[in-house]
Amino acid sequence: MPRTPATPELAFLLLRLAENIVFPVTGFLGDGEPHADSFTLDEVGCILLSALRDWTRDSPTTAVLGIARSIIRFVENVIPDPDDH
């Protein structure tokens, strides 16, 4: 079965999804004093989103799979598992 080519619209949709996941996780929280880890995590989130934006702008049809994989890796590796307490 042939694969359907990705559309640029899907890349932009995935980019918006990535932003909605990454910004709340890496942004500063108002419930405490910022510290070195806060600034580092915020900057890592900004770098990730910047790279995904560049990829989406430069090659939206090839970016789809990479953006989806980036979202999955971010969720698996950065967002804590609620069952692990």
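Residues numbered from 1 in each chain as written. Predicted model: local features only at pLDDT ≥ 70, side-chain atom pairs only at ≥ 80, totals over all residues. Heavy atoms only, no water.

Here we come to the nonpolar core. In terms of nonpolar packing, the biggest core is built from 12 residues, these being Ala11, Leu14, Leu15, Ala18, Val22, Leu49, Leu52, Ala63, Val64, Ile67, Ile71 and Phe74. Among all residues touching Ala11, those that are not within four sequence positions of it are Thr56, Pro60, Val64 and Ile67. (Core = buried A, V, L, I, M, F, W, Y, C linked by side-chain atoms within 4.5 Å. Buried < 20%, exposed > 50% of the residue type's maximum accessible area, 1.4 Å probe, protein only. Contact = heavy atoms within 4.5 Å.)

This part covers the packing of helix α2 (residues 36-58) against helix α3 (residues 60-77). Packing of α2 against α3 brings their axes to within 8 Å, and their N-to-C directions diverge by 160 degrees. One way to sum up the angle between α2 and α3 is to call them roughly antiparallel. Both α2 and α3 take part in a crossing whose hand is left-handed. Residue-level inspection shows Leu48, Leu52, Trp55, Thr56, Arg57 and Asp58 of α2 in contact with α3, the latter providing Pro60, Thr62, Ala63, Gly66, Ile67, Ser70 and Phe74. Broken down by class, the residue content of the contact of α2 with α3 amounts to 7 nonpolar, 4 polar and 2 charged. (Axes fitted to C-alpha atoms, helices over the stretch in contact; angles between N-to-C directions. Helix = DSSP H or I, 4+ residues; strand = E, 2+ residues; numbered from the N terminus. Parallel < 35°, antiparallel > 145°, perpendicular 65-115°, else oblique. Left-handed = near helix turned anticlockwise from the far one by under 90°. Nonpolar A, V, L, I, M, F, W, Y, C, P; charged D, E, K, R; others polar.)

Its place among the elements puts Glu43 in helix α2. According to the relative accessible area criterion, Glu43 is partly exposed, its value standing at 43%. For the pair Glu43 and Gly27, spaced 16 residues apart in sequence, the C-alpha to C-alpha distance is 8.8 Å.

What follows covers the packing of helix α1 (residues 8-26) against α2. Their axes nearest at 10 Å, the elements α1 and α2 cross at an angle of 175 degrees. In terms of axis orientation, α1 runs roughly antiparallel to α2. Facing Ala11, Phe12, Leu15, Ala18, Glu19, Val22, Phe23, Val25 and Thr26 of α1, the residues of α2 in contact are Ser38, Leu41, Asp42, Gly45, Leu48, Leu49, Leu52, Arg53 and Thr56. The residue inventory of the contact of α1 with α2, partitioned by class, reads 11 nonpolar, 4 polar and 3 charged.

Now for the side chain of Thr26. In this structure, Thr26 sits in helix α1. The residues contacting Thr26, other than those within four sequence positions of it, are Ser38, Leu41, Asp42, Gly45 and Phe74.

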